[in-house]
Structures are given as C-alpha cells and as structure tokens.
Amino acid sequence: MTGTGTRILGIDTSLRCTGLGVVEAHGSVMRAVDFGCLKTKPAWLHSACLLHIAQGIRKMIGDTAPAGVAIEGAFFCKNVKTAMVLGEARGVAIAVCAEAGLPVFEYAPRRVKQAVTGVGSAEKLQVMKMVMRLLGIGTEIQQDASDALALAICHLQSARGIAARQEPI
C-alpha cells in the first residue's frame, strides 16, 4: 500500500515480449500507473533475453513501488520447448519479484478474463477493450501490456473480495 492507493504489478511473461502493467486502486476506482512491453530480439542470446526481462521488471518495481505482483499461472502447452522457454521467463519474473520482497499471486487465464470481462472465454480483443475502459486509457495499447494490466485488475478485484482470495506462490 502506498500513500496514494494499492498498487499491483501485472506481468504477462514471454521471451520476446513480456507485458508489464501497474494498476493503482482507491476502493473500486482503478487507474493505470505505468505499462509497456519488454521486447527482445531473436538474434539475442537466450541468457541476454532473460537478463533484459529481469532488468526491466526491476526498473518497473523501482519506478512504481507496487505492493504485490499478479502473474499468469502455468498452462498446458503442447510444444515442450515453448513451455520450457516460457517457464524460464516466468521463473526470472518470480525471482526478481521475490528479490524485491513482493508477494506474487498466480491467476489462470480464464479467471483473468472472467474478472475483466465477465466471461472466462473472452477473446483477447474483448479483454483489451475492457481493460482500456476500466482504466480510462484512450489510446489502443499493446496486447501484452493489456494482458499484464488485466492480471493486475484481476488481483485487485480478488483482494477486494470480488473474486475468491488467492494465496501467494
């Protein structure tokens, strides 16, 4: 909790474009504090991509002082290599947040969609439009940043008792 409200960092992990979004809540009123994407290039070494993600998350934490973190939970993936790479990016994100002393909460994609749109099977565009509406964002935002903001919104709603409480991982 900060003097201005409760801030939650949402992280949508990916090796090529990790979405970050910080949402601040004053009761039921929410606003976007900061959001964006950490992009990496295919030519970069795998280790350099993971380092870039770690540094970007550290900077966002330092700049916005969130009280906690919401991250997408593990999900079924048919491609083992893709699952491993995503798991490494998630691991880096969780470790950086733990290093900063922040509790990390995990949410299933379906639960995030339900919290934001009211429908667990909502399309990504529906989620993005609702995130923009809920946070008063007037210009279209990148999909990964929208997903990160949606994670933060989901956690804030859970913290207010709108959805079932979640234990930190």
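All of the points below concern the structure found in this document. (Residues numbered from 1 in each chain as written. Predicted model: local features only at pLDDT ≥ 70, side-chain atom pairs only at ≥ 80, totals over all residues. Heavy atoms only, no water.)

Two side chains of opposite charge can pair, provided their charged atoms sit close to one another. What the rule picks out here adds up to seven salt bridges. Its salt-bridge partner being E99, residue R58 comes within 2.8 Å of it at the nearest N-O pair. Placement of the pair is R58 in helix α1 (residues 46-64) and E99 in helix α2 (residues 80-99), with a sequence separation of 41 residues. A relative accessible area of 39% means that R58 is categorised as partly exposed. Residue E140 pairs with K129 through a salt bridge whose shortest N-O separation is 3.3 Å. Within this pair, whereas E140 is found in the loop between α4 (124-135) and α5 (143-159), its partner K129 is found in helix α4, the two being separated by 11 residues in sequence. Residue class for E140 comes out exposed when judged on its relative accessible area of 56%. Residue K129 is classed as partly exposed on the basis of its relative accessible area of 42%. Overlapping salt bridges bring together R7, E24 and R31 as one network. (Salt bridge = Lys/Arg side-chain N within 4 Å of Asp/Glu carboxyl O. Helix = DSSP H or I, 4+ residues; strand = E, 2+ residues; numbered from the N terminus. Buried < 20%, exposed > 50% of the residue type's maximum accessible area, 1.4 Å probe, protein only.)

Okay, the nonpolar core next. Counting residues in hydrophobic clusters, the biggest one holds 26 residues, and the most contacted among them are V23, V131, L135 and L149. Looking at this core, the elements that each hand over two or more residues are β2 (17-26), β3 (29-39), β5 (104-107), α3 (109-117), α4 and α5. Here this core gets seven residues from one element, more than from any other, and that element is α5. Not counting residues within four places of it along the chain, the set of residues in contact with V131 comprises V116, I141, S146, L149, A150 and I153. (Core = buried A, V, L, I, M, F, W, Y, C linked by side-chain atoms within 4.5 Å. Contact = heavy atoms within 4.5 Å.)

What follows covers unusual backbone geometry. Phi angles above zero are rare outside glycine, and A65 is one such case at about 50 degrees. You can see A65 is positioned in the loop between α1 and β4 (68-72). Taking the relative accessible area as the measure of exposure, A65 reaches 44% and is therefore partly exposed.

Positionally, A54 belongs in helix α1. What makes A54 buried here is its relative accessible area of 7%. Residues A54 and C97 lie 43 residues apart in sequence; the distance between their C-alpha atoms is 9.2 Å.

Our next topic: the environment of L45. Structurally, L45 can be placed in the loop between β3 and α1. Overall, the relative accessible area of 62% leaves L45 in the exposed class. Placed 56 residues apart in sequence, L45 and G101 show a C-alpha to C-alpha distance of 29 Å.

Glancing now at the packing of α1 against α2. Direction vectors running N to C along α1 and α2 enclose 35 degrees, while the axes themselves pass 9 Å from each other. In the crossing of α1 with α2, the sense of the turn from one axis to the other is right-handed. For the pair formed by α1 and α2, the contact residues are H46, L50, I53, A54, I57, R58 and I61 on the first element and V85, E88, A89, V92, A93, V96, C97 and E99 on the second. Grouping the constituent residues of the contact of α1 with α2 by class yields 11 nonpolar, one polar and three charged. (Axes fitted to C-alpha atoms, helices over the stretch in contact; angles between N-to-C directions. Left-handed = near helix turned anticlockwise from the far one by under 90°. Nonpolar A, V, L, I, M, F, W, Y, C, P; charged D, E, K, R; others polar.)

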